[in-house]
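Descriptive structure summary
Chain by chain, the residues:
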Amino acid sequence: MTTLRVHLKVKGTVQGVGFRPYIHNMAKDCGLNGWVCNTSEGVVIEAEGEKNDIEDFIYRIDKENPVHSNVQSLELIFLEVVGYKSFEIKESIIGEKTALIMPDIAMCEECKKEIQDTANRRYKYPFTNCTHCGPRYSIIKTLPYDRKNTTMSAFVMCDDCDKEYNDPDNRRFHAQPNACPVCGPSIELCDNKGEIIGKTVTAIKMAASLIKEGNIVAIKGLGGFQLMTDARDAVAVERLRVRKNREAKPFAVMYYDIDEVKKACSVSQVEEQILCSAQSPIVLLMKKGHPVAANIAPGNPYLGVMLPYTPLHFILMQNLKIPVVATSGNLSEDPICIDEWEAIEDLGNVADYFLIHDRPIARHVDDSIVREIKGKEQILRRARGYAPLPIFIEDGKTSVIALGSHLKNTVSVSHGSNVFISQHIGDLGSQKSNEAFGKTIDDFIGIYEEKPEVVAFDKHPDYVSSKFAEGLELPKISVQHHYAHILSCMADNQISSPVLGISWDGAGLGDDGTLWGGEFLIINDNSFDRVAYFDPFSLPGGEIAIKEARRSALGLLYKVFGDKMFDKKSVKTFNSFEPVELKNICQMLENIINTSNTSSVGRLFDAVSSMIGLCHNSKYEGQAAMQLEFAAQGYKTDEFYPYELHDNDNVLIIKYNKFLESLISDLEEGCATGMISLKFHNTLVEIIVDIAKTVNIDKVALSGGCFQNKYLTERAIDRLTTENFKVYWHQRVPPNDGGISLGQVLAAKREK
Ligand code: ZN
Ligand code: ZN
Ligand code: FE
């Protein structure tokens with residue numbers, strides 16, 4: 001008989017998931033003595049016993065993880081036998097902080113049962129949780145993940161909760177946010193002046209009635225405030241739009257349960273899995289008819305849908321049983337409010353009532369947005385449920401902090417071979433979002449105790465993030481925007497160069513000082529080559545052209561037809577202008593005043609959207625392009641418009657002349673806008689395939705905001721696959737600028 005003592009270091013998502021109790025029970029099961037301990041580096045185990053039992057134990061750690069844990073590495077060394085007498089869970093040891101922080105997890109089935117059981121002491125208690133579910137990232141102040149390091153530290157557990165917390169056989173064994181109505185946080189309802197009008201279960205019931213009566217109620221959720229109102233009531237929805245200053249951007253809707261969702265939208269198996277997952281994000285689903293008020297997602301065939309993910313939401317929805325708008329509790333593009341007093345101050349004119357509680361939120365975490373692309377999950381906004389889980393990269397050297405882009409900002413910090421991506425921060429520019437940006441950087445560096453050696457940021461010198469980088473006393477690496485997009489897609493799919501990257505978006509500053517956005521980049525081991533792009537056209541008026549799709553249309557038409565563009569009478573753009581305005585813009589184009597050149601495919605979408613009369617002015621980012629995408633819904637064709645590729649010193653330039661001529665003649669002949677849209681999409685895909693064949697690299701990566709377009713992305717994947725390319729698209733990291741910070745980390749590492 002050989003007795004062994006083994007020292008194991010388990011890294012991965014092993015904290016806050018009931019991993020220690022699980023190990024404790026398994027060790028006992030295997031007849032081993034020793035201990036298990038949470039350290040900032042992950043879980044450390046020492047186990048002593050018979051050789052066979054030890055082997056069995058190690059095998060089982062790797063194979064049977066408890067729910068939501070994810071063992072990424074398991075280091076093991078053998079030590080001298082010391083003769084442990086029992087197996088214990090030791091106090092946490094604070095050391096180097098590289099442990100993974102768990103995201104917030106949606107309520108589990110067992111907790112759901114308890115809050116519906118009248119005999120249970122947690123009946124209708126909105127802060128019920130266990131080791132398998134509940135708040136994590138939104139309550140952690142510092143590592144290791146122990147109650148005293150969370151926003152639950154102020155609540156002292158009652159005897160019953162304490163017993164559960166210390167009982168290895170209990171589901172709440174070491175559940176850090178463990179709470180009950182006796183000892184835990186409590187809920188209150190107040191009016192928009194902060195006057196309390198209801199408490200506990202009554203508060204929730206009252207909130208439900210108020211919503212049914214057409215009021216707007218702000219709810220302090222998991223990672224911040226949400227605004228709720230009856231989703232069937234167009235008047236209430238309109239009121240919310242006016243008060244929130246959000247004219248047309250779609251709202252998300254919360255349904256009571258999956259059956260209700262299925263009545264309103266078509267739900268695939270994958271979509272159902274995502275909706276009901278522990279992450280419980282907003283999922284973009286195809287509407288069936290008109291399930292909610294039309295002004296929730298005007299002109300949009302998709303509806304952003306989620307299910308109640310906390311006991312509070314669940315109890316509220318039980319009282320409501322109707323679909324409700326659940327949108328972020330903020331003003332226009334500010335970050336969501338997390339503090340009740342801040343919320344009452346900021347949202348007092350938006351919400352009529354506030355459902356609040358006294359469990360502090362450590363940091364804002366928005367609802368994530370996900371959609372299905374080719375049968376796989378694709379994250380469009382990465383926050384609750386996903387952040388701050390890392391992405392693994394090969395190169396472990398050089399610690400980098402990357403500050404992301406201007407829109408849909410996130411920041412990333414690398415630690416060894418992990419890159420931690422922050423939750424969605426949002427568009428920078430407003431004072432509040434800039435503050436949130438600075439806070440997230442401090443928070444991120446602080447929580448991982450990381451000392452970055454390099455700061456990476458976007459090449460655009462005017463971005464708030466780039467200016468922030470200037471102020472840091474670190475070596476600086478500025479990264480070209482579209483290169484970062486492709487690197488993030490490569491990291492997301494764990495592929496290495498050479499890769500042909502197709503990087504299409506609204507705009508980013510290019511290496512030649514023009515605005516890029518329709519790029520074909522060959523990614524080499526250390527850098528990239530721009531091998532093809534769309535022939536740049538002028539954007540008259542610069543920044544304004546991003547909002548006014550019709551300006552892109554004029555720029556594009558002028559590029560191809562010059563003054564003769566006005567002969568194209570069927571083009572819908574011209575009539576959208578006042579004559580004086582049109583004259584002014586034409587002068588800008590003629591004299592090249594206040595214009596910038598762009599190769600952006602996002603702007604090309606805008607141009608076409610305006611030319612065929614779908615959208616001349618976007619009320620929110622991407623609206624014109626989205627309307628063009630949605631117009632194609634229900635049409636079928638493989639036809640596409642002709643295009644030309646000009647070889648300019650081994651760089652292919654995509655010309656528009658033939659393409660525009662054909663598109664306009666379709667317009668003249670009264671071809672349906674949906675059909676024109678579809679042919680336009682098909683043309684872009686044929687251009688991708690054509691250039692991929694010319695470049696002839698077998699790996700093709702699709703990234704940038706344009707690849708949020710489902711039809712474009714799926715058709716590109718299909719066509720490229722048919723032509724025997726290996727196609728990679730985004731899954732865990734957004735294709736939009738939310739992925740830029742990850743790409744910047746990679747770019748910086750390549751330079752070092
Ligand atoms: Zn639970
Ligand atoms: Zn208690
Ligand atoms: Fe971008």
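Up top is the structure.
Quick look at the structure, then. (Residues numbered from 1 in each chain as written. Chains lettered and ligands numbered in written order. Predicted model: local features only at pLDDT ≥ 70, side-chain atom pairs only at ≥ 80, totals over all residues. Heavy atoms only, no water.)

**Overview of the overall build of the chain**
Helix and strand counts for the chain stand at 22 helices and 32 strands. Across its three principal directions, the C-alpha atoms of the chain cover 90 × 60 × 50 Å. When the 752 residues of the chain are sorted by exposure, 62% land in the buried category. Pairs at least 24 residues apart make up 71% of the contacts formed inside the chain by residues separated by at least 6 positions. Carbon and sulfur atoms provide 48% of the accessible area of the chain, an area that totals close to 28,500 Å². (Helix = DSSP H or I, 4+ residues; strand = E, 2+ residues; numbered from the N terminus. Buried < 20%, exposed > 50% of the residue type's maximum accessible area, 1.4 Å probe, protein only. Contact = heavy atoms within 4.5 Å. Areas by Shrake-Rupley, 256 points an atom, 1.4 Å probe, with all protein chains shown as cover.)

**Let's talk about the coordination of the zinc ion (ligand 2)**
Only Cys158 (SG), Cys161 (SG), Cys180 (SG) and Cys183 (SG) from the protein coordinate the zinc ion (ligand 2), and they sit 2.2 to 2.4 Å from it. Considering all four donor atoms around the zinc ion (ligand 2), the spread of angles at the metal, 104 to 116°, places the coordination shape in the tetrahedral class. (Donors = N, O, S within 2.8 Å, 3.2 Å for Na, K, Ca; no water. Tetrahedral: all angles 85-135°; square planar, octahedral: opposite > 155°, others 65-115°.)

**Quick look at the sheet that holds strand E23 (residues 476-479)**
Through backbone hydrogen bonds, the strands of a sheet pair up, either in parallel or in antiparallel fashion. Pairing within the open sheet is mixed, and its six strands lie in the order E18-E21-E20-E19-E22-E23. Whereas interior strands pair on both sides, the edge strands pair on one side only; in this sheet they are strand E18 (390-392) and E23. Here the strands of the sheet are splayed against their neighbours by 25° on average, with no regard to which way each runs. Taken strand by strand, helix H13 (residues 481-492) contacts E18, strand E22 (454-458) and E23, and its axis lies near 90° from that of E23. Together, E18, strand E19 (400-402), strand E20 (412-415), strand E21 (418-421), E22 and E23 form the strand contacts of helix H22 (residues 740-751), whose direction differs from that of E19 by roughly 140°. (Pairing = 2+ DSSP bridges. Axes fitted to C-alpha atoms, helices over the stretch in contact; angles between N-to-C directions.)

**Observations concerning empty space enclosed by the protein**
According to the stated counting rule, one finds five cavities of 30 Å³ or more in the structure shown. When grouped by side-chain class, the residues that make up the lining of the largest cavity number 10 nonpolar, six polar and two charged. There is about 70 Å³ of room inside the second largest cavity. If you go around the second largest cavity, you meet 14 residues; those closest to its centre are Gly16, Val17, Gly18, Arg20 and His174. Among the elements that line the lining of the second largest cavity, the one with the most residues is helix H1 (residues 19-29), at three residues. (1 Å grid on protein atoms, 1.4 Å probe; cavity = no way out; pocket = protein on both sides within 12 Å on 5 of 7 lines; lining within 4 Å. Points joined across faces, edges and corners; volume = space filled by probe spheres on them. Nonpolar A, V, L, I, M, F, W, Y, C, P; charged D, E, K, R; others polar.)

**So, the layout of surface pockets**
Any empty space left between the atoms is revealed when a probe the size of a water molecule rolls over them. The space that makes up the second largest pocket amounts to roughly 570 Å³. When residues of the lining of the second largest pocket are traced back to their parent elements, those giving at least two are strand E4 (70-79), strand E17 (376-381) and E18. Taken together, the residues of the lining of the second largest pocket sort by class into 12 nonpolar, nine polar and four charged. Both domains that furnish three or more residues to the lining of the second largest pocket are identified here as domain 1 (3-89) and domain 2 (187-369). (Domains from an automatic or database assignment.)

**A short note on the side chain of Ser497**
Positionally, Ser497 belongs in the loop between H13 and strand E24 (499-509). One polar contact links the side chain of Ser497 to the main-chain carbonyl oxygen of Asn524, over a distance of 3.4 Å. Those residues in contact with Ser497 that sit more than four places away from it in its chain are Met490, Ile523, Asn524, Asp525, Lys699 and Arg750. (Polar contact = N/O pair within 3.5 Å; in protein donor to acceptor, adjacent residues only side chain to side chain.)

**Regarding the side chain of Gln176**
Along the chain, the position of Gln176 falls in the loop between helix H4 (159-166) and strand E6 (187-191). Its relative accessible area of 1% is what places Gln176 among the buried residues. Side chain to side chain, Gln176 and Asp146 meet in a polar contact 3.4 Å long. Of the polar contacts made by the side chain of Gln176, one reaches the side chain of Tyr165; its length is 2.7 Å. Beyond its immediate sequence surroundings of up to four residues, Gln176 is in contact with Arg20, Tyr145, Asp146, Arg147, Met152 and Tyr165.

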